[in-house]
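What the coordinates show
Residues per chain, in single letters:
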Amino acid sequence: MTKQVFRVVDIPCDSTADEMSALLNGPAEDGYTLQSLAYSWPGVGARAVFRLPARRVDGQWVRE
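The following paragraphs examine the structure supplied in this document. Just so you know, these numbers come straight off a predicted model, no measurement behind them.

**Section: the nonpolar core**
With seven residues, the main nonpolar core is built from Val-9, Ile-11, Tyr-32, Ala-46, Ala-48, Phe-50 and Leu-52. If you list the elements that add at least two residues to this core, you get strand E1 (6-11) and strand E3 (46-51). Examining the composition of this core, we find that three residues originate from one element, E3, more than from any other. Other than its neighbours up to four places away in sequence, Phe-50 contacts Val-5, Phe-6, Arg-7, Val-9, Leu-24, Pro-27, Tyr-32, Thr-33, Leu-34 and Gln-35.

The following block contains the structure:
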């Protein structure tokens, strides 16, 4: 199975610190790096976008 280049994680408003930590550490343990973190996302407490090290080559994402 091929990993997606981007991974989006929604963090519920009522998450505890431990739950938030687990949600954010999961993608990092899979090799993703945090690209952005937006607070007060509608219906969610926060939204984190992670990305694998990759670049665009001829319109395709190529992992580095």
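Back to the text.
**What about helix H1 (residues 17-29)?**
Between the first and last C-alpha of H1 there are 18 Å, a value that for 13 residues agrees with the 18 Å anticipated at 1.5 Å per step. Note on H1: the residue one or two positions beyond its end, Gly-31, has a positive phi of about 100 degrees.

**Details of the environment of Pro-27**
Following the sequence through the fold, Pro-27 ends up in helix H1. Separated by 19 residues in the primary sequence, Pro-27 and Ala-46 place their C-alpha atoms 15 Å from one another. Apart from the residues lying within four places of it in its own chain, the contact partners of Pro-27 are Arg-7, Val-9, Tyr-32 and Phe-50.

**A closer look at the pairing of strand E4 (residues 54-57)**
In the sheet, E4 pairs with strand E5 (residues 60-63) via four bridges, with the strands oriented antiparallel. Directly across from Val-57, in E5, lies its bridge partner Gln-60. Hairpin connection, E4 to E5: the antiparallel pair is bridged by two residues, and Asp-58 has positive phi, about 50 degrees.

**A look at the pairing of E3**
Side chains Ala-46, Ala-48 and Phe-50 of E3 all project onto a buried face; the interleaved residues Arg-47, Val-49 and Arg-51 project onto a face where none is buried. Of the strand pairs in this sheet, E1 and E3 are connected by six bridges, and their pairing is antiparallel. Pairing of Ile-11 across the sheet is with Ala-46, part of E3. Strand direction decides the pairing type here: strand E2 (residues 33-39) and E3, joined by six bridges, are antiparallel. Along E3, the bridge assignment pairs Ala-38 with Arg-47.

How each quantity is defined
Residues numbered from 1 in each chain as written. Predicted model: local features only at pLDDT ≥ 70, side-chain atom pairs only at ≥ 80, totals over all residues. Heavy atoms only, no water. Core = buried A, V, L, I, M, F, W, Y, C linked by side-chain atoms within 4.5 Å. Buried < 20%, exposed > 50% of the residue type's maximum accessible area, 1.4 Å probe, protein only. Helix = DSSP H or I, 4+ residues; strand = E, 2+ residues; numbered from the N terminus. Contact = heavy atoms within 4.5 Å. Expected span 1.5 Å × (residues − 1). Pairing = 2+ DSSP bridges.

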